[in-house]
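These are the residues of each chain, in order.
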Amino acid sequence: SGPGNYTGLVEGCCCDYETAHSLNDHVLHPILQELVKTPFFRYFKVKLWCDCPFWPDDGMCHLRDCSVCECPESEFPEPFKKPSGVLAADDVICQEGKPQAAVDRTLDDRIFRGWIEIDNPWTYDDETDNSAMTYVNLQLNPERYTGYAGASAQRIWTAIYKENCPQYPSEELCHEKEVMYKLISGLHSSISVHIASEYLLDASTNLWGPNLELLYYRVWKHPDRVRNLYFIFLFVLRAVTKAADYLEQAEYNTGNPIEDLKTHSLVRQLLYNPELISACPVPFDEAKLWQGENGPELKLQIQKQFRNISAVMNCVGCEKCRLWGKLQVNGLATALKVLFSVDGESNQNHLQLQRNEVIALFNLLNRLSESVKFVHDMRPSLEKMETHG
Ligand code: FAD
């Protein structure tokens, strides 16, 4: 079968290709496109310095189309400027035995306890080091072609695949490592799709548009890359739906009540969408992972490898690529935290996310949703290219 034949279940997932793109087209893509424009979701806090722990700066930061436009401080939502809280001691201990617990049952249902600063074992950056962070308006800095290529970019991808996500001989590649490989490869596909969908076609006239040849050769021609894109899309979607109760209770406050109500309503439309719940209730079954004898040990090892991938993002030589690389790796680390660092489905009480993690998670899902849509929409042209060589 040729690359164009995507039927049946997405490998390792609980949802088939047809359902995935039909859900994306009708439900997810339209909601996510609105959601990422809201004041809550369009500002991302990030450390943009080139402070690579592995190699010296190679001067790539100065590329045209590569710099990030940081926004003036007056533009950020006021509540974002205040330091996030730290969990009060009696918030982390069990409510059992407290006199209030008997009279106020709602205490037990409170999953979201305010935005707090809390570490994520899947990321390298110290997210609480506010002095080095700036806010970026993502709407003004779209992920697209930047001209970042050559040895610097190659070095990053090689480091990610070879050092942190080794392709072991097949007999050694356990299911968990395979999942990590597919996530990275799927993210790589999505980045390539965005480069292809917004490409600088003519620098002299500043003409931007799709570059189907690039899409064909970098992604479509390699069926595993398309499959891995669908895989990461369903994986991240599962993390969002698993954290639904937490995300529903979270505060989307930016000091603009009308916009904030809209944000909350869009989040709810996405989380509790009847079409999503009936067609693909569990997009990925995370319960199958880490079940073996060495499960806990393997998890720590893979967590360390993922932290290395997160550290490598500080070495991405182009600022705009670094912004989106960091955001998407942070979003993926948040999905991993939701799926694998919470003790079981019923125990969402232990889930605590930072505001920035939630912003990264939804923006990542939106990027993946855009990529799935673009590949699907371009399918007839890509199939034509296939038959004509
Ligand atoms: P690359 O995309 O660099 O791929 C390198 C090698 O990896 C390929 O030769 C192939 O063997 C393998 N490979 C490729 N795709 C996959 C896949 N999906 N799964 C498994 N293996 C694969 N450029 C921009 O213009 N805009 C951006 O926003 C941008 N963001 C970036 C973010 C990060 C984190 C990084 C590391 C790079 C980014 N780049 C960006 C650069 C871009 O990804 C490419 O590196 C560049 O366009 C050169 O492409 P290439 O054809 O040499 O192959």
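Criteria and cut-off values
- Residues numbered from 1 in each chain as written.
- Predicted model: local features only at pLDDT ≥ 70, side-chain atom pairs only at ≥ 80, totals over all residues.
- Helix = DSSP H or I, 4+ residues; strand = E, 2+ residues; numbered from the N terminus.
- Buried ≥ 20, exposed ≤ 12 C-beta atoms within 10 Å, placed from the backbone.
- UniProt positions renumbered as here; feature names shortened; annotations may be inferred.
- pLDDT = per-residue confidence, 0-100.
- Near = placed C-beta within 6 Å.
- Nonpolar A, V, L, I, M, F, W, Y, C, P; charged D, E, K, R; others polar.
- Contact = placed C-beta atoms within 7 Å.
- Axes fitted to C-alpha atoms, helices over the stretch in contact; angles between N-to-C directions.
- Parallel < 35°, antiparallel > 145°, perpendicular 65-115°, else oblique.
- Core = buried A, V, L, I, M, F, W, Y, C linked by C-beta atoms within 7 Å.
- Pairing = 2+ DSSP bridges.
- Bend = angle between axes of the 7 residues up to and from the residue.

A look at the overall build of the protein chain
From N to C terminus, the protein chain includes 17 helices and four strands. Put simply, the protein chain has 389 residues, and 35% of those count as buried.

Considerations on the UniProt feature "binding site: FAD" (unreviewed entry) in the protein chain
Following the UniProt record, the feature "binding site: FAD" (unreviewed entry) maps to Arg 144, Thr 146, Trp 157, Ser 185, His 188 and Arg 218 here. Mapped onto the secondary structure, Trp 157 falls in helix H7 (residues 150–164). Of note, His 188 is situated in helix H8 (residues 175–197).

Quick notes on the confidence of the model for the protein chain
Regions with low pLDDT should not have their predicted coordinates read in detail. Per-residue confidence for the protein chain gives a mean pLDDT of 82; residues scoring 70 or more make up 80%. On the interface metric, ipTM, the complex scores 0.99, and its pTM is 0.89.

Quick notes on unusual backbone geometry
Residue Asn 206 is not a glycine yet carries a positive backbone phi of 55°. By secondary structure assignment, the location of Asn 206 is in the loop between strand S3 (199–202) and strand S4 (207–209). Residue class for Asn 206 comes out exposed when judged on the 9 C-beta atoms lying within 10 Å of it.

Examining the site of the ligand
Every one of the 22 residues lining the ligand counts as a neighbour, but Ala 153, Ile 156, Ser 185, Cys 321 and Gly 325 are closest to it. Mapped onto the shell around the ligand, the elements with two or more residues apiece are H7, H8 and helix H15 (319–340). In terms of residue count, the dominant contributor to the shell around the ligand is H8 (six residues). Split by residue class, the shell around the ligand holds eleven nonpolar, seven polar and four charged.

Some thoughts on the UniProt feature "active site" (unreviewed entry) in the protein chain
UniProt annotation of "active site" (unreviewed entry) refers to Cys 318 and Cys 321 when read in the numbering used here. If you trace the backbone, Cys 318 turns up in the loop between helix H14 (295–312) and H15. For Cys 318, a count of 24 C-beta atoms within 10 Å puts it in the buried group. Considering the arrangement of structural elements, one finds Cys 321 in helix H15. Sequence-distant contacts of Cys 321, defined by excluding residues within four places in its chain, comprise Thr 146, Tyr 148 and Val 316.

Topic: the packing of helix H9 (residues 212–220) against helix H17 (residues 379–387)
Viewed as axis vectors pointing N to C, H9 and H17 meet at an angle of 75°, and their least axial separation amounts to 10 Å. Classified by the angle their axes make, H9 and H17 are roughly perpendicular. Contact residues: Leu 212, Leu 215, Tyr 216 and Trp 220 in H9; Ser 381, Leu 382 and Met 385 in H17. Each residue belonging to the contact of H9 with H17 can be placed in one class, and the counts come to six nonpolar, one polar and no charged.

Regarding the nonpolar core
Ranked by size, the top nonpolar core spans 86 residues in total, and within it Phe 233, Leu 234 and Val 236 carry the most contacts. By residue number, the principal contributor to this core is helix H10 (residues 223–242), which donates twelve residues. Not counting residues within four places of it along the chain, the set of residues in contact with Val 236 comprises Ala 335, Leu 364, Leu 365 and Leu 368.

Remarks on the pairing of S3
With three bridges joining them, S3 and S4 adopt antiparallel strand pairing. Along S4, the bridge assignment pairs Asp 202 with Leu 207. In textbook terms, the turn of a hairpin is the stretch between consecutive antiparallel strands, and for S3 and S4 this stretch comprises four residues, one of which, Asn 206, has a positive phi near 55°.

Concerning the environment of Leu 35
Here Leu 35 is to be found in helix H1 (residues 17–35). Residue Leu 35 is classed as buried on the basis of its 24 C-beta neighbours within 10 Å. Through-space distance from the C-alpha of Leu 35 to that of Leu 368 is 14 Å; in sequence the pair is 333 residues apart. Ignoring anything within four residues of it in the chain, the contact list for Leu 35 reads Phe 41, Thr 263, Leu 266, Val 267 and Phe 362.

With respect to the environment of Asn 366
As for its placement among the helices and strands, Asn 366 is situated in helix H16 (residues 355–377). Residue Asn 366 is classed as buried on the basis of its C-beta count, with 23 C-beta atoms lying within 10 Å. Aside from chain neighbours lying at most four places away, what touches Asn 366 is Leu 32, Gln 33 and Val 36.

Focus on the environment of Arg 268
Take Arg 268: it is sitting in helix H12 (residues 257–271). Owing to 14 C-beta atoms within 10 Å, Arg 268 belongs among the partly exposed residues under this scheme. C-alpha of Arg 268 to C-alpha of Asp 245: the two residues are 23 residues apart in sequence and 9.8 Å apart in space.

Here's the deal with H1
Maximal helix bending in H1 amounts to about 55°, located at Asn 24. Within the sequence span of H1, burial applies to Ala 20, His 21, Leu 23, Asn 24, Leu 28, Ile 31, Leu 32 and Leu 35. Elements that come into contact with the buried residues of H1 comprise helix H2 (39–42), H10, H12, helix H13 (274–279) and H16.

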